[in-house]
Amino acid sequence: MVEEKSTSDFFDAEVYYSYLTMNPNKAIGDALGANMPEHGIGVGFRWMVNPTKHFLVGYNFGYSYGFRTYTEGGPDPNIIYFSKRTFTHNMNVDLVLGPRFYFSKNLKNGMDIFGGFGYDYGEMHLSQAYPGYAMVASQKIIQHAFYVPVGIRFFFGDMSIAATYRWRAFDMDMTVESLLNEPMSPIPANETLNLFPLEISIGFNF
C-alpha cells in the first residue's frame, strides 16, 4: 500500500544553487567601453507551499554573482592603453503562484508551473586602470526594479530542478556612484541594468 502525504505535508523548503545567463546589457557595456559579465552563479532559498493538492504558493530569496570580466583596448592593438574590470551582484525576492502536477501516487515526484511578481536589486562594479597604475577610476551602477518571474520546476523526492525567466516589468531607479574622481563614460538615460534574467537551478530539501 502506498502512503500518501497528508495535507499538512504539502510544502517544500529548499536551498538551491543556480547558473544565470542571458545578460542583455550590451548597450551599457558599449557606452562604458567595457565587456559585461555574461554568466553568473547564485544561491537562494525557496519555499513552495500547497494550500490545496494541485495549487502552490511560492516564496523565493536569491543572490547571484556575475563573473568578473576584463577589457583592454586602445587605438593600437599592440599597446595596452587601459584595462577595465567589471563584475556584478544581484539580490531578488519574489512571490509566485501556479498549478502542481504529480507523477507518482506518493506525491513525491511532480512538476510546478508558476508565475508571479518580484523585486530586484542589482549592482555592476566597473574599475579602470592604465599601465603602471593599480586603478585610476571606479564606479558602481545600482539598479532597483520589479519583474515578473515565470518558470517550471521538477521535483523528485528531496531534489528539484527549475528554470526561471525574470521578465523586467519596470524600473524604479538607476544611480551611479563614483568611488574615484577620474571621469568615466556616461550611460544613456534610456538604458537600464538588467542582470541575468534566465536562471537554471538545482535544489535540495531540508
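Our subject in this report is the structure included herewith. What you are looking at is a predicted structure, and each value in this text was computed from that prediction instead of being measured. (Residues numbered from 1 in each chain as written. Predicted model: local features only at pLDDT ≥ 70, side-chain atom pairs only at ≥ 80, totals over all residues. Heavy atoms only, no water.)

Here we come to the overall build of the protein. Assigned secondary structure in the protein consists of 1 helix and 8 strands. Along the protein, helices and strands appear, N-terminal first, in the series β-α-β-β-β-β-β-β-β. When burial is assessed residue by residue, the protein has 43% of its 206 residues classed as buried. Taking the intrachain contacts of the protein between residues at least 6 apart in sequence as the baseline, contacts between residues at least 24 apart amount to 71%. When the accessible surface of the protein is split by element, carbon and sulfur atoms take 64% of a total near 10,900 Å². (Helix = DSSP H or I, 4+ residues; strand = E, 2+ residues; numbered from the N terminus. Buried < 20%, exposed > 50% of the residue type's maximum accessible area, 1.4 Å probe, protein only. Contact = heavy atoms within 4.5 Å. Areas by Shrake-Rupley, 256 points an atom, 1.4 Å probe, with all protein chains shown as cover.)

Take the pairing of strand β5 (residues 109-129) next. Counting buried positions along β5 yields 15 of 21 residues, so the element is predominantly enclosed. Sheet analysis places strand β4 (residues 82-102) next to β5, joined by 18 bridges and oriented antiparallel. Paired with Y102 across the strands is G110, a residue of β5. In textbook terms, the turn of a hairpin is the stretch between consecutive antiparallel strands, and for β4 and β5 this stretch comprises 6 residues, one of which, L107, has a positive phi near 60 degrees. (Pairing = 2+ DSSP bridges.)

In total, this model carries 2 cavities of 30 Å³ or more according to the counting rule given. Roughly 100 Å³ of volume is contained in the largest cavity. Contributions of two or more residues to the lining of the largest cavity are made by β2 (40-52), β4 and β7 (159-178). Per-class residue counts for the lining of the largest cavity are 3 nonpolar, 2 polar and 5 charged. (1 Å grid on protein atoms, 1.4 Å probe; cavity = no way out; pocket = protein on both sides within 12 Å on 5 of 7 lines; lining within 4 Å. Points joined across faces, edges and corners; volume = space filled by probe spheres on them. Nonpolar A, V, L, I, M, F, W, Y, C, P; charged D, E, K, R; others polar.)

Considering all chains together, one arrives at 7 aromatic pairs under this definition. Centre to centre, the rings of Y17 and F204 are 6.5 Å apart; their planes meet at 55 degrees, and the pair counts as tilted. Remark: F204 occurs in strand β8 (residues 198-205) and Y17 occurs in strand β1 (residues 11-21); sequence separation between them is 187 residues. Overall, the relative accessible area of 37% leaves F204 in the partly exposed class. Measuring from centroid to centroid gives 6.3 Å for Y65 and F67, while their planes differ by 80 degrees, and the two rings are edge-to-face. We classify Y65 as partly exposed; its relative accessible area is 22%. Classification of F67 as partly exposed rests on a relative accessible area of 36%. Cluster of aromatic residues (ring-pair linked, three or more members): Y65, F67 and F87. Looking at R46, its charged tip hangs above the ring of Y16, at a distance of 4.2 Å from the centre. (Phe/Tyr/Trp six-rings, centres within 6.5 Å; stacked < 30°, edge-to-face > 60°. Lys NZ or Arg CZ within 6 Å of the ring centre and 35° of its normal.)

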